[in-house]
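Summary of the model geometry
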Amino acid sequence: MNSAVAPSLPAVGQDLDQLCVNAIRTLSMDAVQAANSGHPGTPMAMAPVAYCLWQQFLRFDPQDPVWPNRDRFVLSIGHASMLLYSLLHLSGVRAVSKDYETLGELSVPLDALKAFRQLNSRCPGHPEYRWTSGVETTTGPLGQGVATSVGMAAARQWLSARYHRPGFEDLFDFNVYALCGDGCMMEGISSEAASLAGHWRLSNLCWIYDNNRITIEGNTALAFTEDVATRFLAYGWNVTRVGDANDLETLARAFRTFQNTKDRPTLIIVDSHIGYGAPHKQDTSGAHGEPLGEEEVRLAKRNYGWPEDAKFYVPDAVYHHFQQGIGRRGRSLRDEWFARIADYRKRYPELGEELCRMQHRQLPENWALDLPEFPADPKGLATRESSAKVLNAAAKNIPWLIGGSADLGPSTKTRLVSDDAGDFSSQNYAGRNFHFGIREHAMGAVLNGLSLVKVRPFGSGFFIFTDYMRGAMRLSALMELPVVYIFTHDSIGVGEDGPTHQPIEHLANMRSMPGLIVLRPADANEVTEAWKVILQLHHEPAVLVLTRQAVPTIDRTKYAAASGLVRGAYILADAPNGNPEVILIATGSEVSLCIEAHEQLTKDGVRARVVSMPSWELFDDQDQSYRESVLPPRVKARVSVEEASDFGWSKYTGTQGHNLCIESFGASAPLKQLLKKFGFTVERVVAAAKSQIALYQNLR
């Protein structure tokens, strides 16, 4: 397995534990040096901690790194990625396909380490979920990893509460470990998440804090002097300390303390020396974000008793030791679990079928059975109200559809109301309603963690608060997690709450994010169709954008069926013979305004088409012939109507199209006054349509 030319052992007298620790350190240094880019200091410092955890405690099978009851290891300090890549290599983790088929090849072969941070390497600069098997979540922005770990731990508690039965009380008993640093502790999201984890008393959660007191700018005393231990005690955590990161015996005692703590999460504070062993860069910011330099690498290896000129050198004894440790233990635990789940499925076939479908992101056969259809109603109801009805109908048939809000459930209408739904809490982990408190950013990361364990989570809030959530939402898109985001109060329809609560640029912001599906339905029946699309997504997060105010339920006997939503945009009302002079395009509550304008234009002898466009992403994914059937290139007179920024609308209306949107922040006033102030009236839409027709007639 060792391709390097080097002596059979790096030093006389090193025991196997020290040999493995130094292999992690030197692989990390060599990879960063070869890339001339990266962060060597933390892997050098925390190698003993990671080694102790993986070799002695982590329940993880390198041969099957996705078995459901494995312990999760989250490297929240993602810049220290070489620490994780070295562990994946040395423990022999196998690659897994997107279909969860275990492949014969290594997830991180030695050549991948040599290509660290290079194009198409299995070892990118920060760990990326789906790209490298054994990486449990994408980490990069500090704090996201630890916050995501809270969702993973909560998911295990929910699975245990729902599926454990007599004789199967340990079907789901995995632990979640997250390695974090000073940067994670400073980021606000970690405070939100730690507070929530303490409140939920997630005893299967362990954060390991690398207390090395160094950041990019220098010593943490520049900006960080709080007592972290006391802070976490206040959150309701158990806190223990290891005074020397190299003390394997004390580290093991700390991990046993965590495993024996059954009533709260645990923080292990580990005092370490960044760049440990580098004579000139240890305990300096120079070991943080740049290579050590060839000479410093040689000197560090000398301090480790390692061959100074050997690069990417791993003694065969190291591979063997990992195989006999985590490899043998993990395989045994994995095989035992699959035997248990086979017995479970025989004894509890319905629950077993649920688990199987959940793990494969499949829906129950009857999942859409009770989804409502809404009768035409000129008064209608708010799309947040119709969404509540659809969500609860779906939740009856999808038991693992769980979630909640950031203290806004009564406003977002996202509470599951069935008698057995209940509230998730430390007294009732089977509850399906999650109360995240006023912690939007942590909520987003926790949703990612829940999804990574394969339950189907949703989270809700006011649309304006995507400002607080965007970091976590971006990671859900990057990881291809089918998280459901339900955002209400979607426009100036918020009225008197004023510009601080009226989203203007937020639709454009969400639409700009790769991999994210945004849906803004026009009425109750489009809401039903939107949920049908969302629940069948396997790899895309979705944003459902809903109104606070009532909107008419469109008469589908007169206008096109709402099922057209599945294609992103569809012809709702048309000119005679499908030959329009002008096209009106709208989303959400503005669609009914365009219908009124269409009727007025028809009376005036103007041939108009109304296109409901609830999802740009779904529409753009259609073939060209369909897109051109909805928006014929020959019809250049076009008007878009949306109570938001016009950014991006020229893609559909053309450079000279009229975009009736909002070019400023909102205002505080009753809704009717706001609609008049910002020009969202039938008269304004009709005038814009006629102006467009005249413009293109003059251009001929």
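Below is a summary of the structure that appears in this document. Owing to the predicted nature of the structure, the values given are computational and were not obtained by experimental measurement.

This part covers the overall build of the protein. Each helix and strand in the protein was counted, giving 24 helices and 22 strands. Here the protein has a C-alpha radius of gyration of 28 Å; the compact-globule value for 700 residues is 27 Å, and the two agree. C-alpha atoms of the protein, sized along the principal axes, occupy 95 × 60 × 50 Å. Counting every position in the protein, which comprises 700 residues, the buried fraction comes to 62%. Partitioning the contacts of the protein with sequence separation of at least 6, the portion at a separation of at least 24 is 77%. Across the protein, the mean location of the 69 positive side-chain charges is 3 Å away from that of the 78 negative side-chain charges.

What follows covers the side chain of glutamate 296. Among the structural elements, glutamate 296 can be located in helix 10 (residues 294-304). Although glutamate 296 is buried, it makes no salt bridge; lysine 281 carries the closest opposite charge, 6.7 Å away. Setting aside residues up to four positions removed in sequence, glutamate 296 forms contacts with Ala278, Pro279, His280 and Lys281.

A sheet is described by the order of its strands in space; here six strands give the open sequence 12-11-13-14-16-15, paired in parallel fashion. Each having just a single partner strand, strand 12 (433-435) and strand 15 (517-519) make up the two edges of the open sheet. Direction aside, the axes of adjacent strands within the sheet are offset by 20° on average. As paired elements, strand 11 (residues 401-405) and strand 13 (residues 456-462) share five bridges and run parallel to each other. Note on strand 13: the bridge partner recorded for serine 405 is serine 460. Where helix 18 (residues 524-535) meets the sheet, it contacts strand 11, strand 13, strand 14 (484-488), strand 15 and strand 16 (542-545), and its direction lies at approximately 170° from that of strand 16.

Moving on: the environment of threonine 466. Residue placement: threonine 466 occurs in helix 16 (residues 466-479). Residue threonine 466 is classed as buried on the basis of its relative accessible area, which comes to 3%. Each C-alpha atom of the pair threonine 466 and arginine 638 lies 30 Å from the other, and the pair is 172 residues apart in sequence. If we ignore the near neighbours within four places in the chain, the residues touching threonine 466 are Met473, Phe487, His506 and Met510.

Core analysis: the largest hydrophobic core is formed by 186 residues, its most contacted members being Trp54, Trp200, Trp207, Trp531 and Val543. In terms of residue count, the dominant contributor to this core is helix 2 (residues 41-57) (11 residues). Counting 51 residues, the second largest nonpolar core, distinct from the first, contains Tyr626, Leu631, Val682 and Ala689.

Attention shifts here to the packing of aromatic side chains. All told, the structure shown has 34 aromatic pairs when counted by the stated rule. Where tryptophan 200 meets phenylalanine 434, the ring centres are 5.7 Å apart and the plane angle is 90°; that geometry is what we call edge-to-face. In this pair, tryptophan 200 sits in helix 7 (residues 188-200) while phenylalanine 434 sits in strand 12, placing the two residues 234 residues apart along the sequence. In terms of burial, tryptophan 200 and phenylalanine 434 fall into one category: buried. With 6.1 Å between their ring centres and 65° between their planes, tryptophan 200 and phenylalanine 436 make a pair best called edge-to-face. Of this pair, tryptophan 200 sits in helix 7 while phenylalanine 436 is found in the loop between strand 12 and helix 15 (440-452), placing the two residues 236 residues apart along the sequence.

Quick look at the pattern of salt bridges now. By the definition in use, this model includes 38 salt bridges. Notably, a salt bridge pairs lysine 301 with aspartate 30, separated by 2.8 Å at the nearest N-O pair. Pair noted here: lysine 301 is in helix 10 and aspartate 30 is in helix 1 (residues 16-35), with a separation of 271 residues, a long-range link. In this structure, arginine 607 engages glutamate 581 in a salt bridge whose closest nitrogen and oxygen atoms are separated by 3.8 Å. Placement of arginine 607 in the loop between helix 19 (590-603) and strand 20 (608-612) and of glutamate 581 in the loop between strand 18 (570-573) and strand 19 (582-586) is noted, with a sequence separation of 26 residues between them. Linked through salt bridges whose partners overlap, the residues forming this network are Asp61, Asp64, Arg331, Arg334 and Asp335.

Among the structural elements, histidine 79 can be located in the loop between strand 1 (72-75) and helix 3 (81-90). Each C-alpha atom, one on histidine 79 and one on histidine 126, is 5.6 Å from the other, the two residues being 47 residues apart in sequence. When neighbours within four sequence positions are excluded, histidine 79 is seen to be in contact with His39, Thr42, His126, Leu142 and His288.

Next up on the list: the sheet that holds strand 4 (residues 176-181). Strand order in this open sheet of five strands is 1-4-5-9-8, and the pairing throughout is parallel. Bordering the open sheet on either side are strand 1 and strand 8 (238-242), each of which pairs with just one other strand. Averaged over all pairs of adjacent strands, the angle between their axes in this sheet comes to 20°, without regard to strand direction. Across four bridges, strand 1 lies against strand 4 in parallel orientation. Residue phenylalanine 73 lies in a different strand from strand 4, and its bridge partner there is tyrosine 177. Sitting on the sheet, helix 9 (residues 248-260) touches strand 4, strand 5 (205-211), strand 8 and strand 9 (266-271), and the angle it makes with strand 8 is about 170°.

Attention now moves to the pairing of strand 21 (residues 638-641). Along strand 21, one buried face is formed by Arg638 and Ser640 and the opposite face, lined by Val639 and Val641, is buried too. Inspection of the sheet shows strand 19 paired to strand 21 by four bridges, in the parallel sense. Bridged to leucine 584 within strand 21 is valine 639. Pairing of strand 21 with strand 22 (residues 658-660), which is carried by three bridges, proceeds in the parallel orientation. Paired with valine 641 across the strands is leucine 660, a residue of strand 22.

Analysis parameters
Residues numbered from 1 in each chain as written. Predicted model: local features only at pLDDT ≥ 70, side-chain atom pairs only at ≥ 80, totals over all residues. Heavy atoms only, no water. Helix = DSSP H or I, 4+ residues; strand = E, 2+ residues; numbered from the N terminus. Rg over C-alpha atoms; globule rule 2.2 N^0.38 Å. Buried < 20%, exposed > 50% of the residue type's maximum accessible area, 1.4 Å probe, protein only. Contact = heavy atoms within 4.5 Å. Lys, Arg positive; Asp, Glu negative; His and termini not counted. Charge placed at Lys NZ, Arg CZ, Asp CG, Glu CD. Salt bridge = Lys/Arg side-chain N within 4 Å of Asp/Glu carboxyl O. Pairing = 2+ DSSP bridges. Axes fitted to C-alpha atoms, helices over the stretch in contact; angles between N-to-C directions. Core = buried A, V, L, I, M, F, W, Y, C linked by side-chain atoms within 4.5 Å. Phe/Tyr/Trp six-rings, centres within 6.5 Å; stacked < 30°, edge-to-face > 60°.

All quantities given are derived from atomic positions and should not be read as evidence of function.
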